[in-house]
Amino acid sequence: MFVVVALRWVDERAEVDPLSGRVRTSDRSAGASAADAAALELGLRLAGSTGGRCAAVSLAPAGADELLRGALASGTDEVLRVEPAGEPDPRAADSGAGTAVALAAAVRERFGAPDLVLTGDHSPDRGTGATPALLAAEFGCAQALGLVSLDTEPAADGRLRALRRLDRGRRERLAVPLPAVCSVEAAGVRPRTAALPAVLAARSAEVPVVAARAAPDPPPLTAAHGYRPRAKELPAPAGADPLRRLRELTGAGQRSDPPRVVVTDDPAEAADELLAFLRAEGYLDG
Amino acid sequence: MSDRGAGPSTAAVPIPRPQRYDFDAIVVGAGPAGSAAALELARAGRSVALLERGPFPGSKNVYGGVVYGRVLDGLIPGWQQEMPVQRWVTRRQTMVLSGARSLTVDFRNENWGRAPHNGATTHRAEFDPWLAEHAQRAGAVLVPSTVVVALLRTADGAVHGVRTDRPDGDLTARVVLACDGVNSFLAKQAGLLGGDQASHTTLGVKETLALPRGVIDERFGVTGSGGVDVEMLGCTGKVPGGGFLYTNAESVSIGLVLGLRGLARAKVRPEHLLAELKRHPSIAPLVRGGELVEYSAHLIPEGGYRTMPPLIADGLLLAGDAAGMCLAAGIWLEGVNFALGSGMCAGRAAATALATGDTSAAGLAGYRSALRSSFVLADHERLRDAPGLVLSERMQQRYPGLLCDFAESVFAVDNPRPKPGFRALLRRAAKRNGVRMRDLAKDALTGLRTFG
């Protein structure tokens, strides 16, 4: 089985300027998210159990070479970095479409058609989780998204058994035909620690780079602004004059019991305080 | 690999003498000492592995302090143009606090804001990667996310490598440089770090408070890239220790260093003491409105020269905090400089020993003589009594009050009573704080001998 693991290079410790909203990232703290690391581990296990190959790809700038060298040290047979075509428009939402187009084209060109593409379930920086589905569309194969487990040995019918989380604690069992794109959560998979000789060997490994195929033009962006919730409709305040209406609206001048914070080191005193509160609120009546 | 697990093992791993080595040298810890050592070794043409437990150098650090420039002159010429600086220190203060009062010695020098700069505040999360990058560019191999769990030793006790927490994680080298910090497991395994470590170790706690650049400039009386370094005494209640306040570009670092034994005896929490310091009338106006963006704590070796471990063993050198290279001498509170200096000396000594083919303790002895002829051991040796003096009961509990009483009586004007002489005021302040003039004279003499 030939498994391709698509890794998103992301800085989970990015800082957001509270004034401008500009996001500051650092190559040093960037890497794969926990979900992507789980995807890589599953890819390595699947390739290992089937005697196949595993490759890691990332659409990212040169800083991601370290991420891919880490994948090589962990045991991937090949890596590929896809150089982004240009700076993305920071105002435009990332649908994942461009990423899927660029990755699929690069993978096809470099490795041919994979049996399985694995990714994390969503990227921590954008978090739409749409890229895996779009990748499946690009490859024209099955998709199984948001998996919490994936058998690392195909069943007798050649399909993969997977488990997906549903609402209200339910689970869904899936039999995934190949070829497929699967996205996994960072659950129940402990990524392996690379062996030291492999880490040292990967330090000097050359990471092949290809240019991303230009993504289809996104819809024209005419304006971008922050989310503004719709105004909440309230009944008009009662009152004969504006001052009364303003007081009614804001609650100014009305008697109220402000919340109290009680700090005490004495357990007995604390218990008395709690009981008094519960009594006052009517919880201990009857 | 029986010792592999969650933490370092307690014993070194016995191995036969290696036929061939993976590296000439292994440096454990990519802090200032480790990166400086790796840089020197790589420059000397030696193959060197720099092992770091964090995902990148500086990722695990607690630091808000000052790096002084002269030691960097010898390590990275032109460092001023490229080092990640928060602010150049143009103003240094020593502040003594007592009750709601304070007495400050304030020195400023605008020339320190220009080359050659005296010192700079920096974040270790930026400084350490910068330094490690220099070592890498020189040829050192940085291996992050790797914990060294044991030394590899031959039957004669000589160190020939390390065991890491990775699979197949043994790495051999002719010499190992332990720069693994204050609680150095490697120094312990080598039997070099013994004794009562807790009694000469302090706990440093620090808050980083975000403030707009303009507010910092206004409050601290600086402009542009100028900054302030404040060292404090008398701000730790009954716990021996001191305080610090440094300005960064858009934040201030405020913290305390607290003697571990005293902290345990006083049964107070460090964050409460720090909150008290921030409420002090002399400090509150400086930090008011600061948004807490980080709280962190770390141990600091403050025993000085008298508590330093042996720095050399067969195939092993200690540098930085692992070697107790932190100078806590009142007006001087320096760790990074001594780490850099000791790392440089360790790297050079190891390179020389490798060139001669003798990495035994005798072959590495050049390290100690290099340290002694540099500021690193010379300062520590000369100021060997400073930690005891600074952390003494009188200095901590009585002198801050004495100094503030004295200053108050000097500056207070109580006409029409005649003005008393300074000697009378000093005697009165000493009496009020329970200090005998004999002890005052004795401490002054000790201070003169120590600092003079």
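No experiment lies behind these values; they were computed from the predicted model shown.

**A word on the overall build of chain A**
What chain A contains, in helices and strands, is 7 helices and 13 strands. In terms of overall dimensions, chain A is more spread out than a globule: its C-alpha atoms have a radius of gyration of 27 Å, far above the 19 Å expected for 286 residues. Taking all 286 residues of chain A together, 33% fall into the buried category. In chain A, of all internal contacts separated by at least 6 residues, the share reaching a separation of at least 24 is 66%. For chain A, the exposed surface amounts to about 17,700 Å²; the carbon and sulfur share of it is 51%.

**What about the overall build of chain B?**
Regarding its fold elements, chain B presents 16 helices and 20 strands. Computed over C-alpha atoms, the radius of gyration of chain B comes to 23 Å, within 12% of the 22 Å expected from 2.2 N^0.38 for 452 residues, which places it in the range of a compact globule. If one aligns the C-alpha atoms of chain B with their principal axes, the spans along those axes are about 90 × 45 × 40 Å. Relative to its full complement of 452 residues, chain B shows a buried share of 54%. Long-range contacts, defined as pairs at least 24 residues apart, comprise 72% of the intrachain contacts of chain B with a sequence gap of at least 6. Charge separation in chain B, taken as the distance between the mean sites of 51 positive and 42 negative side-chain charges, equals 8 Å.

**Structural notes on helix α6 (residues 242-250) of chain A**
All names here are of chain A. The element α6 is largely exposed, with a buried count of 0 among its 9 residues. The N-terminus of α6 is capped by aspartate 241, whose side-chain oxygen sits 3.1 Å from the backbone nitrogen of leucine 243. One or two steps after α6, the chain reaches glycine 251, where phi turns positive at roughly 75°.

**Things to note about the interface of chain B and chain A**
Every contact between the two is made by 20 residues of chain B and, on the other side, 11 residues of chain A. For the pairing of chain B and chain A, the buried interface totals around 1,200 Å² over both sides, and the portion due to carbon and sulfur atoms is 65%. Counting across the interface, chain B meets chain A through 1 salt bridge. With a shortest N-O distance of 3.9 Å, arginine 28 of chain A and glutamate 133 of chain B are connected by a salt bridge. When residues of the side of chain B that touches chain A are traced back to their parent elements, those giving at least two are α4 (124-138), β8 (141-143) and β11 (170-178) of chain B. If you tally residues by element for the side of chain B that touches chain A, the top one is α4 of chain B, at 6 residues. Classifying every residue of the side of chain B that touches chain A by side-chain character gives 11 nonpolar, 4 polar and 5 charged.

**Remarks on the UniProt feature "domain: FixC-like C-terminal" (unreviewed entry) in chain B**
UniProt marks residues 393-450 of chain B with the feature "domain: FixC-like C-terminal" (unreviewed entry), using the numbering shown here. The distance separating the terminal C-alpha atoms of residues 393-450 of chain B is 17 Å; by composition the span is 76% helix and 0% strand.

**Quick notes on the pairing of strand β12 (residues 180-184) of chain A**
Residues and elements named next belong to chain A. The buried fraction of β12 is high, at 5 of 5 residues. Side chains Ala180, Cys182 and Val184 of β12 all project onto a buried face; the interleaved residues Val181 and Ser183 project onto the opposite face, where all are buried too. One ladder, built from 4 bridges, connects strand β9 (residues 142-150) with β12; its direction is parallel. From the neighbouring strand, alanine 144 faces β12, where its bridge partner is cysteine 182.

**Thoughts on the nonpolar core**
Leu177, Leu316, Leu340 and Tyr367 of chain B are the most contacted members of the largest nonpolar core, which has 85 residues in total. When residues of this core are assigned to their parent elements, the largest contribution, 12 residues, is made by helix α10 (residues 336-356) of chain B. Among residues more than four places away in sequence, those in contact with leucine 340 of chain B are Pro32, Ala36, Val67, Val71, Leu72, Leu75, Phe127 and Leu131 of chain B. In terms of nonpolar packing, the next biggest core, distinct from the first, is built from 35 residues, Leu46, Cys54, Leu68 and Ala71 of chain A among them.

**Section: the packing of aromatic side chains**
Counting across every chain of the model gives 7 aromatic pairs over all chains. In this structure, lysine 188 of chain B packs its charged tip against the face of phenylalanine 185 of chain B, placed 5.4 Å from the ring centre.

**Thoughts on the packing of helix α3 (residues 97-111) of chain A against helix α4 (residues 131-139) of chain A**
All names here are of chain A. Orientation of α3 relative to α4, taken along the N-to-C sense of each, is 45°, at an axis distance of 8 Å. Of the possible angle classes, the one that applies to α3 and α4 is oblique. Judged by the twist between their axes, the crossing of α3 over α4 is right-handed. Mapping the contact onto sequence places Ala97, Thr99, Ala100, Val101, Leu103, Ala104, Val107 and Arg108 in α3 and Thr131, Leu134, Leu135, Glu138 and Phe139 in α4.

**Concerning the environment of proline 309 of chain B**
Residue and element names in this part refer to chain B. Along the chain, proline 309 falls in the loop between β16 (291-301) and β17 (312-313). Spatially, the C-alpha atoms of proline 309 and glycine 324 are 7.3 Å apart, while their sequence positions differ by 15 residues. In this view, proline 309 contacts Leu192, Leu193, Leu318, Ala322, Ala323 and Gly324; residues no more than four positions away in its chain are not counted.

**Observations concerning a negative patch on the surface**
Taken together, the side chains of Asp265, Asp266, Glu269 and Asp272 of chain A make up a negatively charged region of the molecular surface. By the element assignment, aspartate 272 of chain A lies in helix α7 (residues 267-280).

**Concerning the environment of alanine 35 of chain A**
All names here are of chain A. As for its placement among the helices and strands, alanine 35 is situated in helix α1 (residues 34-50). By relative accessible area, alanine 35 is classed as buried at 7%. Along the primary structure alanine 35 and alanine 187 are separated by 152 residues, whereas in three dimensions their C-alpha atoms are 7.7 Å apart.

**Side note on the confidence of the model for chain B**
Residue and element names in this part refer to chain B. When pLDDT is averaged along chain B, the result is 90; 97% of the residues meet or exceed 70. Long-range and interchain partners of residues 1-6, a stretch whose pLDDT sits below 50, account for 15 contacts in this model, where long-range means more than four residues apart. At the level of chain-chain contacts, confidence expressed as ipTM amounts to 0.81, with global pTM at 0.83.

**Let's talk about the sheet that holds strand β6 (residues 53-59) of chain A**
Residues and elements named next belong to chain A. Taken in spatial order, the 9 strands make up an open sheet running β11-β10-β9-β12-β8-β1-β6-β7-β13, and their pairing is mixed. The strands lining the two open edges of the sheet, one partner per strand, are β11 (171-176) and β13 (209-211). Strand-to-strand, the axes of this sheet are offset by a mean angle of 30°, without reference to chain direction. In terms of strand pairing, strand β1 (residues 2-6) meets β6 through 5 bridges, oriented parallel. When the bridges of β6 are listed, phenylalanine 2 appears paired with arginine 53. This element, α3, spans β1, β6, β7 (78-83) and β13 of the sheet and lies at about 140° to β6.

**What to know about the packing of helix α11 (residues 366-373) of chain B against helix α12 (residues 375-382) of chain B**
All names here are of chain B. Running from amino to carboxyl end, α11 crosses α12 at an angle of 70°, the nearest separation of the two axes being 4 Å. In this view, α11 runs roughly perpendicular relative to α12, as classed from their interaxial angle. At the point where α11 passes α12, the crossing takes the right-handed sense. Where α11 approaches α12, its residues Arg368, Leu371, Arg372 and Ser373 are matched on the opposing element by Phe375, Val376, Leu377, Ala378 and Glu381.

**Some thoughts on unusual backbone geometry**
Of the consecutive residues leucine 178 of chain A and proline 179 of chain A, the connecting peptide bond is found in the cis state with omega at 0°. The omega torsion across asparagine 415 of chain B and proline 416 of chain B is 10°, close enough to zero to call that bond cis. Within the secondary structure, proline 416 of chain B is located in the loop between α14 (393-411) and α15 (422-432). One non-glycine residue, aspartate 168 of chain B, lies in the positive phi region at around 50°. On the secondary structure map, aspartate 168 of chain B appears in the loop between β10 (159-164) and β11.

Cut-offs and rules
Once a new chain begins, its residue numbering starts again from 1 and follows that chain's sequence as written. Numbering of ligands from 1 and lettering of chains from A proceed in the order in which they are written. Thresholds applied to this predicted model are a pLDDT of at least 70 for local features of residues and 80 or more for the giving and counting of side-chain atom pairs; totals over whole chains, interfaces and linings are not thresholded and use all residues. With hydrogens and water set aside, each side-chain value is computed from the structure's full complement of heavy atoms. We count a stretch as a helix when DSSP gives it H or I for four or more residues in a row; a strand needs E for two or more, and each element gets its number in order from the N terminus. Throughout, radius of gyration means the C-alpha value; the globule benchmark is 2.2 Å times the number of residues raised to the power 0.38. Exposure classes here rest on a 1.4 Å probe applied to the protein chains alone. A residue is buried below 20% of its type maximum, exposed above 50%, and partly exposed in between. Pairs of residues are marked as contacts when any of their non-hydrogen atoms sit within 4.5 Å. Using a 1.4 Å probe, the Shrake-Rupley method yields the accessible areas, and only the shown protein chains count as cover for residues. His residues and chain termini do not enter the charge count, which takes Lys and Arg as positive and Asp and Glu as negative. To locate a charge, the coordinates of NZ of Lys, CZ of Arg, CG of Asp or CD of Glu are taken. What qualifies as a polar contact is a pair of N or O atoms within 3.5 Å, subject to a donor-acceptor requirement within protein and to the restriction that residues adjacent in sequence count only when both atoms come from side chains. Simply put, the buried area is the total loss of 1.4 Å probe accessible area from both parts when two parts are fitted together. Each salt bridge in this description consists of a side-chain nitrogen of Lys or Arg and a carboxyl oxygen of Asp or Glu lying within 4 Å of one another. Asp, Glu, Lys and Arg are counted as charged, while Ala, Val, Leu, Ile, Met, Phe, Trp, Tyr, Cys and Pro are counted as nonpolar; the rest, among them Gly, fall into the polar class. UniProt positions are given in the numbering used here, feature names are shortened, and annotations may be inferred rather than shown by experiment. Note on pairing: DSSP must find at least two bridges between two strands before they are called paired. Within this scheme, the nonpolar core is defined by two criteria: the residues are buried Ala, Val, Leu, Ile, Met, Phe, Trp, Tyr or Cys, and they are joined through side-chain atoms within 4.5 Å. Only Phe, Tyr and Trp rings take part, Trp by its six-membered ring, and two of them pair if their centres are within 6.5 Å. Stacked means planes under 30 degrees apart, edge-to-face means over 60, and tilted covers everything else. Either the NZ atom of lysine or the CZ atom of arginine qualifies as a charge over a ring when it sits within 6 Å of the ring centre and within 35 degrees of the ring normal. The angle between two axes is taken between their N-to-C directions and runs from 0 to 180 degrees, where each axis is a line fitted to C-alpha atoms and a helix contributes only its stretch in contact. If an angle is under 35 degrees, it is roughly parallel; if it is over 145, roughly antiparallel; if it lies from 65 to 115, roughly perpendicular; otherwise it is oblique. Here is the rule for handedness: rotate from the far helix to the near one, and if that takes an anticlockwise turn smaller than a right angle the crossing is left-handed, while a clockwise turn gives right-handed. For patch detection, residues must exceed 30% relative accessible area and be free of salt bridges, and they are connected within 9 Å for like charges or within 5 Å for nonpolar side chains (Val, Leu, Ile, Met, Phe, Trp, Tyr). The predictor attaches a confidence to each residue, and that confidence, scored 0 to 100, is pLDDT.

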